[in-house]
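The primary structure of each chain is shown beneath.
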Number of protein chains: 2
Amino acid sequence: MKTRIITISREYGSGGIEIAKKVAAKLQLQFYDKALVAEIAKQTGFDRNFIEENGEYSPARSKYFFNLSQTEMASTGTLSIYDQIYIFQHNIITELAEKGDCVIVGRCADYILKDRKDCLHIFIHSAIAQRAKRITEEYKIVCEHPEEWLKEKDEKRQLYYKNYTDRIWGVCSNYHLTLASDKLGIENCVDTIVNLYRSIG
Amino acid sequence: MKTRIITISREYGSGGIEIAKKVAAKLQLQFYDKALVAEIAKQTGFDRNFIEENGEYSPARSKYFFNLSQTEMASTGTLSIYDQIYIFQHNIITELAEKGDCVIVGRCADYILKDRKDCLHIFIHSAIAQRAKRITEEYKIVCEHPEEWLKEKDEKRQLYYKNYTDRIWGVCSNYHLTLASDKLGIENCVDTIVNLYRSIG
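Residues numbered from 1 in each chain as written. Chains lettered and ligands numbered in written order. Predicted model: local features only at pLDDT ≥ 70, side-chain atom pairs only at ≥ 80, totals over all residues. Heavy atoms only, no water.

Draft legend 1. Representation of the overall build of chain A within the structure. Of regular secondary structure, chain A possesses 10 helices and five strands. Put simply, chain A has 201 residues, and 54% of those count as buried. Considering only contacts in chain A between residues 6 or more positions apart, those separated by 24 or more positions represent 71%. Carbon and sulfur atoms form 50% of the exposed surface of chain A, whose accessible area is close to 9,400 Å². (Helix = DSSP H or I, 4+ residues; strand = E, 2+ residues; numbered from the N terminus. Buried < 20%, exposed > 50% of the residue type's maximum accessible area, 1.4 Å probe, protein only. Contact = heavy atoms within 4.5 Å. Areas by Shrake-Rupley, 256 points an atom, 1.4 Å probe, with all protein chains shown as cover.)

Draft legend 2. Fine view of the layout of surface pockets. Its volume calculated, the largest pocket comes out at about 570 Å³. Taken together, 20 residues form the lining of the largest pocket, with Ala127 and Asp182 of chain A together with Lys114, Lys117 and His176 of chain B sitting closest to its centre. For the lining of the largest pocket, the elements supplying multiple residues, two or more each, are α9 (181-184) of chain A together with β4 (119-125) of chain B. Put simply, the second largest pocket is a space of about 450 Å³. If you trace the second largest pocket, you find 19 residues lining it, with Lys114, Ser173 and His176 of chain A together with Ala127 and Asp182 of chain B closest to the centre. (1 Å grid on protein atoms, 1.4 Å probe; cavity = no way out; pocket = protein on both sides within 12 Å on 5 of 7 lines; lining within 4 Å. Points joined across faces, edges and corners; volume = space filled by probe spheres on them.)

Draft legend 3. The pairing of strand β3 (residues 102-105) of chain A, seen in detail. Residues and elements named next belong to chain A. Here β3 shows no split at all, with Cys102 and Ile104 on one side and Val103 and Val105 on the other all buried. With four bridges connecting them, strand β1 (residues 5-10) and β3 associate as parallel partners. From the neighbouring strand, Ile8 faces β3, where its bridge partner is Val105. For strand β2 (residues 30-32) and β3, the ladder comprises three bridges, and the chain directions are parallel. Of the residues in β3, the one forming a bridge with Phe31 is Val103. (Pairing = 2+ DSSP bridges.)

Draft legend 4. Structural view of the interface of chain B and chain A. The partner chain A presents 24 residues to the 24 residues of chain B that form the contact. Taking both sides of the interface into account, the surface hidden between chain B and chain A amounts to around 1,800 Å²; carbon and sulfur atoms contribute 61%. The largest contributions to the chain B side of the interface with chain A come from Cys172, His176 and Lys183 of chain B, which together make up 31% of the buried area. Counting across the interface, chain B meets chain A through zero salt bridges. Linking chain B with chain A are 13 residue pairs in polar contact (both at pLDDT 80 or more), by the criterion used here. (Buried area = accessible area lost by both parts, 1.4 Å probe. Salt bridge = Lys/Arg side-chain N within 4 Å of Asp/Glu carboxyl O. Polar contact = N/O pair within 3.5 Å; in protein donor to acceptor, adjacent residues only side chain to side chain.)

Draft legend 5. Broad picture of the sheet that holds strand β5 (residues 177-180) of chain A. Reading across from one edge, β2(A)-β3(A)-β1(A)-β4(A)-β5(A)-β5(B)-β4(B)-β1(B)-β3(B)-β2(B) is the order of the 10 strands in this open sheet, with mixed pairing throughout. Of all strands in the sheet, those with a lone pairing partner are β2 of chain A together with β2 (30-32) of chain B, marking the two edges. Neighbouring strand axes in the sheet, compared pairwise and without regard to direction, differ in orientation by 15° on average. Where helix α10 (residues 186-199) of chain A meets the sheet, its contacts fall on β1, β4 (119-125) and β5 of chain A, and the angle it forms with β5 of chain A comes to roughly 165°. (Axes fitted to C-alpha atoms, helices over the stretch in contact; angles between N-to-C directions.)

Draft legend 6. Layout of the pattern of salt bridges. All names here are of chain B. The final tally for this structure, using the stated rule, is 34 salt bridges over all chains. Note that Arg131 and Glu11 form a salt bridge whose closest N and O atoms lie 3.3 Å from each other. Of this pair, Arg131 sits in helix α7 (residues 128-137) while Glu11 sits in the loop between β1 (5-10) and α1 (16-27), and the two are 120 residues apart along the sequence. In this structure, Arg131 and Glu11 share a single accessibility class: buried.

Draft legend 7. Representation of the nonpolar core. Ranked by internal contacts, the top residues of the largest apolar core, which has 56 residues, are Leu36, Ile104 and Leu113 of chain A together with Leu36, Ile104 and Leu113 of chain B. Residues within four places of Ile104 of chain A in sequence aside, it is in contact with Ile5, Ile6, Thr7, Ile8, Tyr32, Leu36, Ile93, Ala109 and Leu113 of chain A. By size, the runner-up hydrophobic cluster in this structure holds 48 residues, among which are Val103 of chain A together with Ile6, Leu29 and Cys189 of chain B. (Core = buried A, V, L, I, M, F, W, Y, C linked by side-chain atoms within 4.5 Å.)

Draft legend 8. Representation of the relation of the copies chain B and chain A. Aligned on chain A, chain B shows an RMSD of 0.0 Å; the corresponding rotation is 180° and the shift along the axis is 0.0 Å. The symmetry that links the two subunits is that of a two-fold axis. Counting the interface residues of chain B, we find that 100% of their copies in chain A are interface residues as well, pointing to one common contact surface. (Least-squares fit on C-alpha atoms with pLDDT ≥ 70 in both.)

Draft legend 9. Broad picture of the packing of helix α2 (residues 34-44) of chain B against helix α5 (residues 81-99) of chain B. Residues and elements named next belong to chain B. Packing of α2 against α5 leaves a shortest axis separation of 10 Å and a crossing angle of 125°. Comparing the axis directions of α2 and α5 gives the class oblique. As α2 packs across α5, the resulting crossing turns out to be right-handed. The residues of α5 that touch α2, namely those facing Leu36, Glu39, Ile40, Gln43 and Thr44, are Ile85, Phe88, Gln89, Ile92, Ile93 and Leu96. For the contact of α2 with α5, the residue count by class is seven nonpolar, three polar and one charged. (Parallel < 35°, antiparallel > 145°, perpendicular 65-115°, else oblique. Left-handed = near helix turned anticlockwise from the far one by under 90°. Nonpolar A, V, L, I, M, F, W, Y, C, P; charged D, E, K, R; others polar.)

Note that all results are geometric; they support no functional claim without further evidence.
What follows is the structure in structure tokens.
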């Protein structure tokens, strides 16, 4: 089956978004990162910044989350706002995947689309020192201890992923391809993904 | 720094050895798999089959293994045979890396050479159903429940890796590149590694 969708999960500061953008441009695929946040904000009525902050970092899911029926999933009123956001994300990502060829960044898209055969699931990571350099120099994030700040961010993403997928974040069996952007370089990561997307047909 | 060495770790039945062999042939690098086993057998005096079976699957390390001094590491007489084999493996892999450009399969080479900057560390994995098919059809392994047999093999490798490296096997941060051979295909895995080895210089 022809691969149509690329999901890119990434450690914060690894350059994953830059890689995803360049891949989408080279392959002329729809790119969903901020657009996805905007859509979730629109559908939920929450502020975009709130979605950005809590759509990958919410503290916990409801205990009974995995036991919800489809009907209960559709009627989100009784759930915590974090669970509600996850469900909206889930539904929007599922719909986007139906719409057309695309690159989707983060938000458990690898898990949400795990049963589709037309996806290439990718994870981008990098050593923490290089990530600290990138967030300071490129993202212009000002903080006293960038490595500590990143570790906290990693932990939150790990927890979020565990909460909503019951899988461990960054374990290679969840992905078809994982790349260390610090060792390989951004352009080589882009070329590798583009070549594989074209080769596996 | 120019990359000179490729280490390839792999799930049993993922085609990792076939990929490693093809990469070594294409890049004209020394290939160490059986040759490494033979060298360890020669140096330790143990049988090759024994090394093959226990060089990646030994049940436990001595409790004080990580606290050994270099001198104690050199005088292995007081250690269990599993620890002795690991130490010989460690020393032989370190020497091989000094000798020249090469591809080394398994045996914690990614960990043993982790501090060298001239290595590309790779992990090959595959869904268990495809691995079961491969070991039955290609390796001609006869067993009633190949998936169960593979799971046991995975667990032993995980334990061995944990014992001697204190790291978790198959976590992508241990590697620069991980590839799902079932999704991507053997030839695409080979080409990806060859291209990256050449590109990162």
